[in-house]
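Okay, here's what each chain looks like letter by letter:
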Amino acid sequence: MTLAPLDASKVKITTTEHPSEPKPNDQLVFGRSFTDHMLTVEWTAEKGWDVPEIKPYQNLSLDPSAFVFHYAFELFEGMKAYRTVDNKITMFRPDMNMKRMNKSAARICLPAFDSEQLITLIAKLIQQDKYLVPEGNGYSLYIRPTMIGTTVGLGVSAPDKALLYVICSPVGPYYKTGFKAVKLEATDYATRAWPGGCGDKKLGANYSPCVLPQLQAASRGYHQNLWLFGPENNITEVGTMNAFFVFKDTETGKKELVTAPLDGTILEGVTRDSILTLARERLDPAEWTISERYCSISEVAEKSKKGELLEAFGSGTAAIVSPIKEIGWKTEHINVPITAGEQTGPLTKQVAQWISQIQYGEVEHGNWSRVITDLN
Ligand code: COI
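Residues numbered from 1 in each chain as written. Predicted model: local features only at pLDDT ≥ 70, side-chain atom pairs only at ≥ 80, totals over all residues. Heavy atoms only, no water.

Selection rule: UniProt positions are given in the numbering used here, feature names are shortened, and annotations may be inferred rather than shown by experiment.
The protein chain carries the name Branched-chain-amino-acid aminotransferase in an unreviewed UniProt entry, which gives Saccharomyces uvarum as its organism. Annotation of the protein chain in UniProt includes, under Sequence similarities (unreviewed entry), the sentence "Belongs to the class-IV pyridoxal-phosphate-dependent aminotransferase family." Taken directly from UniProt, the Cofactor (unreviewed entry) text for the protein chain runs: "pyridoxal 5'-phosphate".

Rendered as structure tokens:
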């Protein structure tokens, strides 16, 4: 028997009888409130994908022995929809998230799906709740596609049942008062990801073990961890974000934008990719080198002493870019310059602006923005 593919045209829609009022923008806290509807699709190894359903947001009912609760068969994505300046609702580079979601699924034996079919289904879900997509710069709809193994039983094996679901949360800017530069603790006693592991996949199991080191860093006055790896203490990521550094060679005057290479331990961030693409397109190659290479915490410390460390920031879907102002490393305090009177350096600010202009439809960039609905 052939297995049923994920098919958006079959979707069954049940609408809520109690549509909610949009919250005022100043009450939107990241991931705290959700839209009125959710998407669910069940999968079995026997039949493939079942009929997708858009229905009122509700609890899931699962057997307590379901694989997800015991062996962490869980993956997720983070993506956003925007209300543009010309009053359309768009999704930002959803194809990248779908590609990564399929890679995460393959790594933990959850089923593959057709990316375009899921994008169509998510678009239908957002269409349903379009009155809850917030308006204004910095405001968006955070979309959380999730897949879990739902097989009942305690034997460790590939799930033969799964549930794909999507929920959405109207969100405001990660930092309410504009940028807020963060202080990081360079962490070598705990490791986020390692060669041969699954640090490049968006699995929930990569996130929970990182909370304790974050609390430990917080107890010493830092906002986040700067994750290091290996005997060289290479910088891998920052908190839940990709990490970028800006250096300047004092002899040649040439500047370098650096982020870690995608070697299997680094999350393939959509914002990371967007920043690298825009930097390669828009920064003058006579002045800039754009590098995907490791740099160690010692290199950053040395460059800081020589006045060659210009900026540092994290990048992710939630905050887009997050400027860094200080890094604690053993007994050292590495100061990262920020522009006087601001919370960011010039390139960090520029990059954030480039991305925001594309996301809010002020500037077009190829097919990065996918129109879901035209509200005009
Ligand atoms: C992001 O920065 O986009 C993330 O992945 C954070 C998310 C886990 C809340």
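### A short note on the domain arrangement of the protein chain
Put simply, the rule is: As used throughout, domain bounds are those supplied by an automatic or database domain assignment. Residue contacts follow a heavy-atom distance rule, with two residues in contact if any of their heavy atoms lie within 4.5 Å. Here the buried area means the combined drop in accessible surface, using a 1.4 Å probe, for two parts upon being joined, counting both sides. Note on definitions: salt bridges are taken to be side-chain nitrogens of Lys or Arg within 4 Å of carboxyl oxygens of Asp or Glu. Here a polar contact is recorded for every N or O atom pair within 3.5 Å, except that within protein the pair must consist of a potential hydrogen donor and a potential acceptor, and residues adjacent in sequence are included only if both atoms are side-chain atoms. Runs of E in the DSSP output that reach at least two residues are strands. Runs of H or I that reach at least four are helices, and both are numbered from the N terminus. Under the grouping applied here, Gly and all other residues not named as nonpolar or charged are polar, the nonpolar ones being Ala, Val, Leu, Ile, Met, Phe, Trp, Tyr, Cys and Pro and the charged ones Asp, Glu, Lys and Arg.
Splitting the protein chain by domain gives domain 1 (8–173 + 364–374) and domain 2 (182–344). Of the residues lining the interface, 22 residues belong to domain 1; the matching set on domain 2 comes to 22 residues. The junction of domain 1 with domain 2 conceals about 1700 Å² of combined surface from both sides, 61% of it contributed by carbon and sulfur atoms. Sorting the residues of domain 1 by area buried against domain 2 places Phe 76, Arg 100 and Arg 107 first, and these three jointly supply 32% of that buried surface. Put simply, domain 1 and domain 2 have two salt bridges between them. Note that Glu 268 is salt-bridged to Lys 103, the shortest N-O span being 2.9 Å. Across the domain 1-domain 2 interface, the total number found is 11 residue pairs in polar contact (both at pLDDT 80 or more). Ranked by residues supplied to the side of domain 1 that touches domain 2, first place goes to helix H2 (residues 94–107) with six residues. Here the residues of the side of domain 1 that touches domain 2 sort into 11 nonpolar, four polar and seven charged.

### A look at the pattern of salt bridges
So the rule is basically this: Here the term buried applies to any residue with accessible area under 20% of the maximum for its type, exposed to any over 50%, and partly exposed to those in between, with areas from a 1.4 Å probe on protein chains only.
If you walk through the whole model with that rule in mind, you get 19 salt bridges. Glu 292 is the salt-bridge partner of Arg 280, the closest N and O atoms lying 2.9 Å from each other. Taken as a pair, Arg 280 in helix H5 (residues 270–282) and Glu 292 in strand S15 (residues 288–292) lie far apart in primary sequence, 12 residues in all. In this structure, the salt-bridge partner of Lys 306 is Glu 308, at a minimum N-O distance of 3.7 Å. The class for Lys 306 is exposed, based on a relative accessible area of 54%.

### Observations concerning the pairing of strand S12 (residues 234–238)
Remember that side chains alternate between the two faces of the sheet whenever the strand is regular. Filter applied, for reference: Two strands pair under a simple rule: DSSP has to find at least two bridges between them.
For S12, the tally of buried residues reaches five of five residues, placing the bulk of the element in the interior. The pairing of strand S11 (residues 224–229) with S12 spans four bridges and is antiparallel. Looking at S12, one finds that Leu 226 is bridged to Val 238. Linkage of S11 to S12, two consecutive antiparallel strands, is achieved through a turn of four residues, within which Gly 230 is found at a positive phi near 80 degrees. Direction of pairing for S12 relative to strand S13 (residues 241–248): antiparallel, over a ladder of two bridges. The partner of Val 238 across the bridge, within S13, is Met 241. Counting the residues that bridge the hairpin from S12 to S13 gives two residues, and of these Gly 239 lies at a positive phi of roughly 55 degrees.

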